[in-house]
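Geometric and topological summary
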Amino acid sequence: MKKILLISLGSRGDCEPFVGIGEMLRAKGEKVVCSFPEQYRSIAEENGFEFHSLGSEFLNLINSEDGKVALSGKGFAKFIATIKIGKDSMKIQNELLRRQLAIMEELKPDIIIRHSKVLAALPYSLVNGAKSIFLALQPGLFHELEDIPSIGFDFLPPKWSYKLMRFAVTKSISMAVNQCFKGKISKKQIKSALLEEPAIYGVSAALFPQPANWDKAKTLVAGFWDREKASNYTPDAQLAAFIQQHPKILLLTFGSMTNSNPRATSELFIDILQELGIPAIINTSGGGLIEPESYNTELITFTQSIPYDWVFPQVYATIHHGGAGTVHSSLRAGCATMAIPHIADQPLMNRLINKNGTGPLGPAIGKLNKQQLKQQIEDLFTNVGYKAQAQNIAAKMNAENFSEELYEFVVG
């Protein structure tokens, strides 16, 4: 039996797939431990896993006022907020590194499956002999794609974007080495280890087939993994009546994403939905959307929290932030879908949605234009081709089972 540490740093969508993979590994007889931000303790403990906290500071920073402006602001204000967030994140990163190392030294895992933001795992594995595996929830990070630049480097040709990404990650991990492993590992060793580290891509092969030029010994497109969730959700009477009244509904949600002006953002979408006569459920969850004082309650209803695995099969189409988990869950339910990307990998997932013919290419949260957005929402809701292709993707996704390949890749 191997002791496997699943360690992720990010939003809920960055943690739940780790739990899904953990459930498979546990069923195979392995000892699995989870380490996430404190805010997501419950998703590990609800599924019966031992939990070690990475603290709450990282997500608190992302959800701060500066974090909201950095995510969705414009112009100079966005630039200043990004600088502030960068300075604050450096302070937090030092504490996060200390916690990561303390958890690893306490547990002494045989295998570490890490998120891209977890910087201590790879140097720890080099010093202590553990096996480090990188779990990516989207393509476009270290392994090159011919037609898509690496995440965050859209301004560069793909080949150069991946070179820059690998340079940036090597530099970041080297900072962790300087703090926690000084004198034990060289920058050259980090760079070499990063290229050799096995990588799991938790992406559906129906949405993103494994590229032919990727080394199958080091990379595996392993399908979308989600944790088992309680299916005992019961909608309130108002929501149940709304769904019964409208046979074709759109769901609007930004998940845990925030933005600098949720009131104006909400009012923009509501105006468009009312003008088009589209029935919609709006999920206010993370605060990126809010319920205004006045709107057409016959056409629009609000909820503060709703399980995606329950609501997606109830609706025709979805508009969301473009997080990898939300994209997969939406398409797995056969929903026509459109992303309003906020940050990081979301623009890439936006392109994959459009490339696969399941929805229009959505605008970024900081570049919403009413006339253009209205056309895109109308296209999403009336173009039957999007729905048909989403249902085709859903059938393929629901038939995927990479358990054996993934288990062999991790433990073999």
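Our structure's up above, just so we're on the same page.
The sections below set out a description of the structure shown in this document. Being a predicted model, the structure only gives us computed values, none of them experimental.

**Here's the deal with the overall build of the protein chain**
Looking only at helices and strands, the protein chain features 16 helices and 12 strands. In terms of overall dimensions, the protein chain is globule-like: its C-alpha atoms have a radius of gyration of 21 Å, near the 22 Å expected for 412 residues. In terms of overall dimensions, the protein chain has C-alpha extents of about 65 × 50 × 40 Å along its principal axes. Considering only intrachain contacts with a sequence separation of at least 6, the fraction spanning at least 24 residues in the protein chain is 62%. Surface accessibility of the protein chain: about 17,900 Å² in total, with carbon and sulfur atoms responsible for 51%. Of the side-chain charges in the protein chain, 42 are positive and 40 negative, and the distance between the mean point of each set is 8 Å.

**Things to note about the packing of helix 6 (residues 121-128) against helix 8 (residues 187-196)**
Axis separation between helix 6 and helix 8 bottoms out at 10 Å; the angle between their running directions is 105°. Comparing their axes, helix 8 and helix 6 come out roughly perpendicular. Counted together, Leu 122, Pro 123 and Leu 126 of helix 6 and Gln 189, Ile 190, Ala 193 and Leu 194 of helix 8 form the full contact between these two elements. Within the contact of helix 6 with helix 8, the residues separate by chemical class into 6 nonpolar, 1 polar and no charged.

**Looking at the layout of surface pockets**
For the second largest pocket, the calculated volume is near 240 Å³. Looking at the second largest pocket, the residues that line it are Ala 222, Gly 223, Phe 224, Trp 225, Asp 226, Arg 332, Met 397, Asn 398, Glu 400, Asn 401, Phe 402 and Ser 403. For the lining of the second largest pocket, the class distribution of residues is 5 nonpolar, 4 polar and 3 charged.

**Digging into the packing of aromatic side chains**
Overall, the coordinates contain 10 aromatic pairs when judged by the stated rule. With a centroid separation of 6.3 Å and 55° between ring planes, the pair formed by Phe 36 and Phe 51 is classed as tilted. Residue Phe 36 is found in strand 2 (residues 31-36), and its partner Phe 51 is found in strand 3 (residues 50-53); the two are separated by 15 residues along the sequence. For Phe 36, a relative accessible area of 0% translates into the label buried. On the basis of relative accessibility, which here comes to 10%, the residue Phe 51 falls in the buried class. Seen from their ring centres, Phe 208 and Trp 214 are 5.8 Å apart, and the 55° between their planes marks the pair as tilted. These aromatic residues form a ring-pair network of at least three members: Tyr 201, Phe 208 and Trp 214.

**Considering the sheet that holds strand 12 (residues 336-339)**
Pairing between sheet strands relies on hydrogen bonds along the backbone, with the strands arranged either parallel or antiparallel. Here 5 strands make up an open sheet; going across it, the order is 10-9-8-11-12 and the pairing parallel. In this open sheet, the two strands that pair with only one neighbour each are strand 10 (300-303) and strand 12. When the angles between neighbouring strand axes are averaged without regard to direction, this sheet yields 15°. Bridge count between strand 8 (residues 250-253) and strand 9 (residues 280-283): 4 bridges; the pairing is parallel.

**Focus on a positive patch on the surface**
The grouping of Lys 159, Lys 163, Lys 171, Lys 187 and Lys 191 at the surface amounts to a positive patch. If you list the elements that add at least two residues to the positive patch, you get helix 7 (158-180) and helix 8.

**So, the packing of helix 12 (residues 324-332) against helix 15 (residues 384-399)**
In contact at an axis separation of 7 Å, helix 12 and helix 15 are set at 100° when each is read in the N-to-C sense. Classified by the angle between their axes, helix 12 and helix 15 sit roughly perpendicular to one another. Along the contact surface, helix 12 presents His 328, Leu 331 and Arg 332, while helix 15 presents Ala 390, Ile 393, Ala 394, Met 397 and Asn 398. Per-class residue counts for the contact of helix 12 with helix 15 are 5 nonpolar, 2 polar and 1 charged.

**So, the side chain of Ser 8**
By the secondary structure assignment, Ser 8 is in the loop between strand 1 (3-7) and helix 1 (12-27). In this structure Ser 8 comes out as buried when scored by relative accessible area, which is 0%. Engagement of the side chain of Ser 8 in a polar contact is seen with the backbone oxygen of Asp 14, the distance being 2.6 Å. In contact with Ser 8, other than residues within four places in its own chain, are Asp 14, Cys 15, Phe 18, Ser 35, Phe 36, Pro 37, Leu 54, His 115 and Val 118.

**A few points about helix 6**
Ala 121, Leu 122, Pro 123, Tyr 124 and Ser 125 are the residues of helix 6 that are buried. A positive phi of about 85° marks Gly 129, the residue just after helix 6.

**A closer look at the nonpolar core**
Core analysis: the biggest nonpolar cluster contains 92 residues, and Leu 25, Phe 36, Met 104, Ile 113, Leu 406 and Val 410 have the highest contact counts within it. Dropping the residues within four chain positions of it, Ile 113 is found in contact with Ile 4, Leu 5, Leu 6, Ile 7, Phe 18, Leu 25, Ile 133, Leu 135 and Val 410. In terms of nonpolar packing, the next biggest core, distinct from the first, is built from 30 residues, Leu 299, Ala 336, Leu 373 and Leu 380 among them.

**Some details on empty space enclosed by the protein**
Across all of its chains, the model carries 1 cavity of 30 Å³ or more by this definition. Its volume calculated, the largest cavity comes out at about 40 Å³. Each residue belonging to the lining of the largest cavity can be placed in one class, and the counts come to 5 nonpolar, 1 polar and 1 charged.

**Remarks on helix 7**
An ideal rise of 1.5 Å per residue puts 33 Å on 23 residues; helix 7 measures up with 33 Å between its terminal C-alpha atoms. Within the sequence span of helix 7, burial applies to Pro 158, Ser 161, Tyr 162, Met 165, Arg 166, Val 169, Thr 170, Ile 173, Ser 174, Ala 176, Val 177 and Cys 180.

**Observations concerning the environment of Thr 303**
Residue position: Thr 303 is located in strand 10. With a relative accessible area of 12%, Thr 303 lands in the buried category. Separated by 12 residues in the primary sequence, Thr 303 and Glu 291 have C-alpha atoms spaced 8.8 Å apart. Excluding anything up to four places from it in sequence, Thr 303 contacts Ile 281, Ile 282, Asn 283, Thr 284 and Ser 285.

Conventions used here
Residues numbered from 1 in each chain as written. Predicted model: local features only at pLDDT ≥ 70, side-chain atom pairs only at ≥ 80, totals over all residues. Heavy atoms only, no water. Helix = DSSP H or I, 4+ residues; strand = E, 2+ residues; numbered from the N terminus. Rg over C-alpha atoms; globule rule 2.2 N^0.38 Å. Contact = heavy atoms within 4.5 Å. Areas by Shrake-Rupley, 256 points an atom, 1.4 Å probe, with all protein chains shown as cover. Lys, Arg positive; Asp, Glu negative; His and termini not counted. Charge placed at Lys NZ, Arg CZ, Asp CG, Glu CD. Axes fitted to C-alpha atoms, helices over the stretch in contact; angles between N-to-C directions. Parallel < 35°, antiparallel > 145°, perpendicular 65-115°, else oblique. Nonpolar A, V, L, I, M, F, W, Y, C, P; charged D, E, K, R; others polar. 1 Å grid on protein atoms, 1.4 Å probe; cavity = no way out; pocket = protein on both sides within 12 Å on 5 of 7 lines; lining within 4 Å. Points joined across faces, edges and corners; volume = space filled by probe spheres on them. Phe/Tyr/Trp six-rings, centres within 6.5 Å; stacked < 30°, edge-to-face > 60°. Buried < 20%, exposed > 50% of the residue type's maximum accessible area, 1.4 Å probe, protein only. Pairing = 2+ DSSP bridges. Patch = residues over 30% accessible without salt bridge, like charges linked within 9 Å, V, L, I, M, F, W, Y side chains within 5 Å. Salt bridge = Lys/Arg side-chain N within 4 Å of Asp/Glu carboxyl O. Polar contact = N/O pair within 3.5 Å; in protein donor to acceptor, adjacent residues only side chain to side chain. Core = buried A, V, L, I, M, F, W, Y, C linked by side-chain atoms within 4.5 Å. Expected span 1.5 Å × (residues − 1).

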